[in-house]
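# Structure at a glance
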Amino acid sequence: MSSNRPRGLRFCPMSNDMLYPIEDKINRQLKFYCKICDYQEVADSRDWRVYVSETVHDEKSKLSQLYDITMDPTLPRTKDCRCPRCDANEAVFISESTEKGMTLIFHCVTCREKWKDEV
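Read on for a plain summary of the structure. (Residues numbered from 1 in each chain as written. Predicted model: local features only at pLDDT ≥ 70, side-chain atom pairs only at ≥ 80, totals over all residues. Heavy atoms only, no water.)

## Points about the nonpolar core
Just so we agree on the cut-off: Buried Ala, Val, Leu, Ile, Met, Phe, Trp, Tyr and Cys residues form a nonpolar core when they are joined through side-chain atoms within 4.5 Å. Three labels apply to residues, based on accessible area from a 1.4 Å probe with only protein chains included: buried if under 20% of the type maximum, exposed if over 50%, partly exposed otherwise in between. Secondary structure elements follow DSSP: runs of H or I of four or more residues count as helices, runs of E of two or more count as strands, with numbering from the N terminus. By definition in these notes, contact holds between two residues if any of their heavy atoms fall within 4.5 Å.
Of all hydrophobic cores here, the largest spans eight residues; its members are C81, C83, A88, A91, L104, F106, C108 and W115. Sorting elements by how many residues they give to this core places strand β6 (residues 101-108) first, with three residues. With near-sequence residues (within four places) excluded, C108 lies in contact with T70, C83, C86, A88, E90, A91, E113 and W115. Judged by nonpolar contacts, the second largest core, of five residues, contains L19, F32, C34 and A43.

Structure, rendered in structure tokens:
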């Protein structure tokens, strides 16, 4: 096997069908096999994880999850703050509990800019 082969689906070199993981209990190995032609190959250590999911969260991405919040009529609105981007005075806000205390997250109704205000 190639050392720089990307992780993902594997295909049989004989039938071009997808290879499926199977455990060889006698030899205690992970193998890939073809359901069509009985082709088998031993999986190397990079293939031991069949599926990998990685999620990275930073402060900006947490705020971007709230993008359509300005359209929610049940959330509180204020006209007592100024948007740092467009200088509009209407915003929707939600509260979030943090280690430092309570934080208000504002969303400008005009340009959808997001910003935090520590309470």
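## A word on the sheet that holds strand β2 (residues 29-34)
Applied cut-off: Strands pair, by our definition, only if DSSP identifies at least two bridges between them. An axis is simply a line fitted to the C-alpha atoms; with a helix, the fit covers only the stretch in contact. Between two such axes, the angle follows the N-to-C directions and lies from 0 to 180 degrees.
Read from one edge of the open sheet, three strands run β1-β2-β3, paired in antiparallel fashion. Either end of the sheet is taken by a strand with one partner, and the two such strands are β1 (19-24) and β3 (40-42). Each neighbouring strand pair of the sheet contributes to a mean axis angle of 30°, computed without reference to strand direction. Pairing between β1 and β2: six bridges, direction antiparallel. The residue bridging L19 from the neighbouring strand is C34, located in β2.

## Considering the pattern of salt bridges
Applicable threshold: Each salt bridge in this description consists of a side-chain nitrogen of Lys or Arg and a carboxyl oxygen of Asp or Glu lying within 4 Å of one another.
Per the counting criterion, the structure on display carries five salt bridges. Here R10 makes a salt bridge to E41, at a shortest N to O gap of 2.0 Å. With R10 in the segment before β1 and E41 in strand β3, this residue pair connects regions lying 31 residues apart in the sequence. A residue is classified by how much of its surface remains accessible, and E41, at 15% relative accessible area, is buried. Across the salt bridge formed by E90 and R77, the nearest N and O atoms sit 3.7 Å from each other. Linking E90 in the loop between β4 (77-78) and β5 (91-98) with R77 in strand β4, this pair joins segments that are 13 residues apart in sequence. In this structure E90 comes out as partly exposed when scored by relative accessible area, which is 27%.

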